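Commentary on secondary and tertiary structure
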There are 2 protein chains.
Amino acid sequence: MNIAILLYDRVTALDAIGPYEVLSRLPGGELQFVAAEPGPVRTDNGMLALVAERSIEDVTSPDVVLVPGGPGEVAARAGDAVLGWLRAVHERTTWTTSVCTGSLILAAAGVLAGKRATSHWLALEELGRLGAVPVSERVVFDGKVVTAAGVSAGIDMALALAAKLAGDATAQAIQLGLEYDPQPPFDAGSPGKAPIAIVELLRARSRFAHSPKSTAGTAA
Amino acid sequence: MNIAILLYDRVTALDAIGPYEVLSRLPGGELQFVAAEPGPVRTDNGMLALVAERSIEDVTSPDVVLVPGGPGEVAARAGDAVLGWLRAVHERTTWTTSVCTGSLILAAAGVLAGKRATSHWLALEELGRLGAVPVSERVVFDGKVVTAAGVSAGIDMALALAAKLAGDATAQAIQLGLEYDPQPPFDAGSPGKAPIAIVELLRARSRFAHSPKSTAGTAA
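What counts and what doesn't
Residues numbered from 1 in each chain as written. Chains lettered and ligands numbered in written order. Predicted model: local features only at pLDDT ≥ 70, side-chain atom pairs only at ≥ 80, totals over all residues. Heavy atoms only, no water. Buried < 20%, exposed > 50% of the residue type's maximum accessible area, 1.4 Å probe, protein only. Helix = DSSP H or I, 4+ residues; strand = E, 2+ residues; numbered from the N terminus. Pairing = 2+ DSSP bridges. Right-handed = clockwise from strand over helix to strand, strands pointing away. Core = buried A, V, L, I, M, F, W, Y, C linked by side-chain atoms within 4.5 Å. Contact = heavy atoms within 4.5 Å. Arc of directions from axis to C-beta. Phe/Tyr/Trp six-rings, centres within 6.5 Å; stacked < 30°, edge-to-face > 60°. Axes fitted to C-alpha atoms, helices over the stretch in contact; angles between N-to-C directions. Parallel < 35°, antiparallel > 145°, perpendicular 65-115°, else oblique. Left-handed = near helix turned anticlockwise from the far one by under 90°. Salt bridge = Lys/Arg side-chain N within 4 Å of Asp/Glu carboxyl O. Buried area = accessible area lost by both parts, 1.4 Å probe. Polar contact = N/O pair within 3.5 Å; in protein donor to acceptor, adjacent residues only side chain to side chain.

**Some thoughts on the pairing of strand 2 (residues 30-35) of chain B**
All names here are of chain B.
- With respect to burial, strand 2 is a largely interior element, five of its six residues being buried.
- One ladder, built from five bridges, connects strand 1 (residues 2-6) with strand 2; its direction is parallel. From the neighbouring strand, Ile5 faces strand 2, where its bridge partner is Phe33.
- Between strand 1 and its parallel partner strand 2, the chain crosses via helix 1 (residues 13-23), and the hand of that crossover is right-handed.
- The pairing of strand 2 with strand 5 (residues 54-55) spans two bridges and is classified as parallel. Bridged to Ala35 within strand 5 is Ser55.

The structure is reproduced here in C-alpha cells:
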C-alpha cells in the first residue's frame with residue numbers, strides 16, 4: 001500500500017506528521033512525502049523544514065493521498081500543478097484524505113463537490129463556499145473521501161483509517177505504540193468548549209475573518 | 001524565550017513535532033531544531049527527514065530544551081557530545097524536558113538522578129535502571145524537569161508547559177488553534193486500557209523485552 005502525503009511551502013507540520021506517525025506503522029505501508037518540487041519544505045512559522053523526497057510527477061497512483069493544511073494552502077490551491085495532480089490521483093485512490101485546511105485544497109481541486117467534509121473550525125464557511133457540504137465533526141467519511149478537523153484531528157482520522165485498512169486490532173496496536181491516551185490539561189480544544197473570549201480572539205485573528213486581519217498568531 | 005528541540009538519527013517524528021506545534025505558538029517563542037551535526041535527520045522508519053538548522057555547539061543557553069525519543073536514543077546516549085551538551089545546557093535552562101524514550105537520554109546525561117520521571121510505558125524499567133524514579137503518569141513535573149510518556153504525550157506536556165510559561169489563557173488559545181479536542185476511535189492508548197493480547201504483542205516485540213527480539217513493528 002502506497003501512501004503519499006503532500007507537502008507545500010507554509011504547511012502546518014502536525015497536520016502531516018500526526019497521520020504519518022500512525023499510517024507509517026501499517027504493516028506493508030510505504031509512505032512518501034511528495035511536493036511539486038522535491039526538497040526541503042518550510043513550515044508555516046518558518047522554524048522547521050520537512051523534506052519532500054519525491055515530486056508529485058513521479059507519484060502517479062498512491063492508494064492513499066493525504067493533504068495537510070496550513071496558511072500555504074492559499075498558494076497551493078492557486079497552483080494548477082497540485083490541483084491537477086490531486087484530480088488525477090483521486091481517480092485511482094482507495095482513500096483521498098485531508099487534515100485541517102487541506103480540505104480547501106481538495107475542494108479547489110473539485111474533489112469535494114457536494115460531499116460532506118470538514119476543516120479547521122475557522123475554515124468551515126470557506127469550505128462551503130468552495131462547494132463542499134461543511135460538517136462540524138472531527139472526522140468525516142463520505143465515500144472514499146475522509147476529512148479531519150483542525151491540525152491535531154489528523155491523528156484521530158489516521159487511526160480510523162488504519163482500522164479500515166488493516167483492522168481494529170492493528171489500529172489499536174498502533175494507538176498503544178504511540179501511547180495515544182490523550183489527557184489535555186484544559187478542555188478548550190473546540191469552539192463549543194473553549195472560553196468564549198478565546199474563541200472570539202482566534203476568530204478575530206483568523207485569516208478567514210471577514211475584515212482584513214493579521215495572519216499571525218495561533219489561529220488557522 | 002529560546003526553545004531548542006534536539007534531533008538525532010532515528011528519532012520518532014511526532015515526539016518532536018507535537019510539542020513543536022504547541023511551543024512554536026508561544027508569544028515571543030523562538031524555536032530551533034538542533035543536532036550534533038546540522039542538516040537533514042532521518043526519522044526512525046526512514047520515511048522522513050527533518051532538518052536540524054543548528055549545531056548543538058552553537059546553541060549554548062536555551063531556556064527550554066526538549067529531547068524526543070525514538071530507537072536512535074540508544075546511539076544518542078552512547079555519544080558524549082549530546083550528553084555533555086545536555087548536562088551543560090541543563091545548568092541554565094528554565095525547563096528541561098523529554099518525550100517518550102527521550103527521558104532515557106536525559107537519564108544517561110545524569111539529569112534525572114533520583115528524580116520522578118516517565119517514559120514510553122515499555123521503557124519505564126529501563127528508566128529506573130538509569131537512575132530515575134519511574135512514574136507511570138502521562139506528564140511528570142519534578143522541579144524544572146518535565147517528562148512525558150510515549151510519543152503523543154508530548155502534546156499534553158507542551159500544553160501544560162505553555163500554561164506555566166505564558167498562562168492558562170494562552171495555552172487554551174493554542175489548544176483551540178490546534179483544535180486539540182481528541183476523539184480517538186478506540187480506548188486503547190495505554191497498557192491499562194488496551195486489550196491484553198495487544199499489550200502482550202507490543203511487549204514481546206519491544207526492544208526493551210528481556211529476550212532479544214526484532215525492533216520492527218509498532219512498539220517502542
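What follows continues from the structure just given.
**Some remarks on the nonpolar core**
- In this structure, Trp85 of chain A together with Trp85 of chain B are the most contacted members of the largest nonpolar core, which totals 158 residues.
- Apart from the residues lying within four places of it in its own chain, the contact partners of Trp85 of chain B are Ala4, Leu6, Val34, Ile56, Val59 and Val65 of chain B.

**Observations concerning helix 3 (residues 80-90) of chain B**
Residue and element names in this part refer to chain B.
- The complete set of buried residues in helix 3 reads Val82, Leu83, Trp85, Leu86, Val89 and His90. Here the buried residues of helix 3 occupy an arc of 160° about the axis, which is enough to place them on one side. Facing away from the buried side of helix 3 by over 90 degrees, the exposed positions are Asp80 and Ala81.

**Observations concerning the packing of aromatic side chains**
- Enumeration over the complete set of coordinates arrives at four aromatic pairs over all chains.
- Note on Trp95 of chain A and Phe141 of chain A: the rings are 5.7 Å apart at their centroids and 90° apart in plane angle, and the pair reads as edge-to-face. Of the two residues, Trp95 of chain A is situated in strand 7 (residues 95-99) and Phe141 of chain A in strand 10 (residues 139-142); the sequence distance between them amounts to 46 residues.
- Relative accessible area serves as the criterion here: at 13%, Trp95 of chain A is assigned to the buried category.
- A relative accessible area of 28% places Phe141 of chain A in the partly exposed class.
- Aromatic pair Tyr20 of chain B and Phe33 of chain B: ring centres 5.5 Å apart, planes at 50°, arrangement tilted. Highlighted residues: Tyr20 of chain B in helix 1 and Phe33 of chain B in strand 2, separated in sequence by 13 residues. Summarising the burial analysis for this pair, Tyr20 of chain B and Phe33 of chain B share the class buried.

**Re the packing of helix 1 (residues 13-23) of chain A against helix 6 (residues 153-166) of chain A**
Residue and element names in this part refer to chain A.
- At a minimum axis distance of 8 Å, the contact between helix 1 and helix 6 shows a crossing angle of 25°. Looking at the two axes, helix 1 sits roughly parallel to helix 6. Our pair here, helix 1 against helix 6, has a crossing hand that is right-handed. Every residue of helix 6 that contacts helix 1 at Gly18, Pro19, Val22 and Leu23 is listed here: Gly154, Ile155, Ala158, Leu159, Leu161 and Ala162.

**Points about the pattern of salt bridges**
All names here are of chain A.
- By the definition in use, this model includes 23 salt bridges over all chains.
- Arg129 is paired through a salt bridge with Glu125; the nearest N and O atoms lie 3.8 Å apart. Of this pair, Arg129 and Glu125 are both found in helix 5 (residues 124-129), four residues apart, which corresponds to roughly one turn of the helix.
- In this structure Arg129 comes out as exposed when scored by relative accessible area, which is 52%.
- For Asp156, the salt bridge is made with Arg138, and the minimal N-O distance between the two is 2.5 Å. Highlighted residues: Asp156 in helix 6 and Arg138 in the loop between strand 9 (133-134) and strand 10, separated in sequence by 18 residues. The two residues Asp156 and Arg138 agree in class, both being buried.

**Some remarks on the interface of chain B and chain A**
- With 65 residues of chain B at the contact, the number on the chain A side is 65 residues.
- Approximately 5,700 Å² of surface area, both sides summed, lies buried where chain B meets chain A, with 62% of it carried by carbon and sulfur atoms.
- On the chain B side of the contact with chain A, Leu176, Glu179 and Phe186 of chain B bury the most area, a combined 14% of that side's loss.
- Viewed at the interface, chain A and chain B are joined by four salt bridges.
- Residue Lys193 of chain A pairs with Asp181 of chain B through a salt bridge whose shortest N-O separation is 2.7 Å.
- Where chain B touches chain A, the interface holds 38 residue pairs in polar contact (both at pLDDT 80 or more).
- Broken down by secondary-structure element, the contributors of at least two residues to the side of chain B that touches chain A are helix 1, strand 2, strand 4 (49-52), helix 6 (153-166), helix 7 (168-177) and helix 8 (196-205) of chain B.
- Among the elements that make up the side of chain B that touches chain A, the one with the highest residue count is helix 7 of chain B (nine residues).

**Things to note about the sheet that holds strand 11 (residues 145-148) of chain B**
Residues and elements named next belong to chain B.
- Read across the open sheet, the seven strands follow the order 5-2-1-6-7-11-10; overall the sheet is mixed. Each edge of the sheet is formed by a strand with only one pairing partner; in this case those strands are strand 5 and strand 10 (139-142).
- Relative to strand 7 (residues 95-99), strand 6 (residues 64-67) is paired through four bridges, and the arrangement is parallel. Its bridge partner being in strand 7, Val64 is matched across the sheet by Trp95.
- Together, strand 1, strand 2, strand 6 and strand 7 form the strand contacts of helix 1, whose direction differs from that of strand 2 by roughly 160°.
- Packing against the sheet, helix 3 makes contact with strand 1, strand 2, strand 6, strand 7 and strand 11, and its axis sits at approximately 150° to strand 6.

All we've got here are geometric facts, nothing functional implied.
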